[in-house]
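Summary of structural features
The residues making up each chain are set out below.
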Amino acid sequence: MKSNISNLTDGKEFTPEKRDRVNRGFSKEYAVIDLLYGQSVVLLRVYWTGTTCHCIAWFYGKDSYGKGYGKATGGGYCKESTAIAYAIDDAGIELSERIDGRGASMVRQAAFSIGKKLTNKRKLILHVSHG
């Protein structure tokens, strides 16, 4: 999977009100960590409020920064990967493959792809934490 970060932004949907509304219900965090500095370069935090899945995402590069927000409702598909896909898109990042509704393995691939593009490094760590 490849990623394009040339349009990385602070996100149209990301607002403090949305962040504060989902500060409870933490479920999972995907963190891509730069081994050299021990810092996260990609943070994807997943929250649940009822049956709605929210994702707040932060991206830290040497020369770029961005964040995004996404949510998924309804049923019959993987809401977590869909919310993450919307947050990545909201931050202005384009992926070569769709990840929405395709599960955690696609989320991992996307997180690594973005981390590699932000750092220009091949060796990164993915840490997944659960609430």
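Residues numbered from 1 in each chain as written. Predicted model: local features only at pLDDT ≥ 70, side-chain atom pairs only at ≥ 80, totals over all residues. Heavy atoms only, no water.

1. Describing the pairing of strand β4 (residues 52-60)
With respect to burial, β4 is a largely interior element, eight of its nine residues being buried. For strand β3 (residues 39-49) and β4, the ladder comprises eight bridges, and the chain directions are antiparallel. Its bridge partner lying in β4, W48 is registered against C53. Remark: two residues form the turn of the hairpin made by β3 and β4, two consecutive strands paired antiparallel; G50 in that turn has positive phi of roughly 65 degrees. The loop that links β4 with its antiparallel partner strand β5 (residues 65-72) comprises four residues. (Buried < 20%, exposed > 50% of the residue type's maximum accessible area, 1.4 Å probe, protein only. Helix = DSSP H or I, 4+ residues; strand = E, 2+ residues; numbered from the N terminus. Pairing = 2+ DSSP bridges.)

2. Let's talk about helix α3 (residues 104-119)
When the terminal C-alpha atoms of α3 are compared, their 22 Å separation across 16 residues agrees well with the 22 Å that a helix rising 1.5 Å per residue should span. Buried residues of α3: M106, V107, A110, A111, S113, I114, G115, L118 and T119, and no others. Once α3 finishes, N120 follows within two positions and takes phi at roughly 60 degrees, a positive value. (Expected span 1.5 Å × (residues − 1).)

3. A few points about the packing of aromatic side chains
Here the distance between the centres and the angle between the planes together describe a pair of aromatic rings. For the structure on display, the rule yields two aromatic pairs. With a centroid separation of 5.8 Å and 70 degrees between ring planes, the pair formed by F26 and Y47 is classed as edge-to-face. Of this pair, F26 sits in strand β2 (residues 26-34) while Y47 is found in strand β3, placing the two residues 21 residues apart along the sequence. With a relative accessible area of 34%, F26 lands in the partly exposed category. With relative accessibility at 9%, the residue Y47 sits in the buried group. Considering the side-chain rings of Y60 and Y65, the 5.4 Å spacing of their centres and the 45 degrees angle between planes classify their relative orientation as tilted. Its relative accessible area of 35% is what places Y65 among the partly exposed residues. (Phe/Tyr/Trp six-rings, centres within 6.5 Å; stacked < 30°, edge-to-face > 60°.)

4. Topic: the sheet that holds β4
Paired through their backbone hydrogen bonds, the strands of a sheet run either parallel or antiparallel. Spatially, β5-β4-β3-β2-β7 is the arrangement adopted by the five strands of the open sheet, whose pairing is antiparallel. Two strands lie at the open edges of the sheet, namely β5 and β7 (124-130), each paired on one side alone. Neighbour-to-neighbour, the strand axes of this sheet turn through a mean angle of 10 degrees, independent of strand direction. Helix α2 (residues 79-90) contacts β2, β3, β4 and β5 of the sheet and is inclined by roughly 145 degrees relative to β5. Contacting β2, β3, β4 and β7, α3 crosses the sheet at an angle of about 145 degrees to β3. (Axes fitted to C-alpha atoms, helices over the stretch in contact; angles between N-to-C directions. Contact = heavy atoms within 4.5 Å.)

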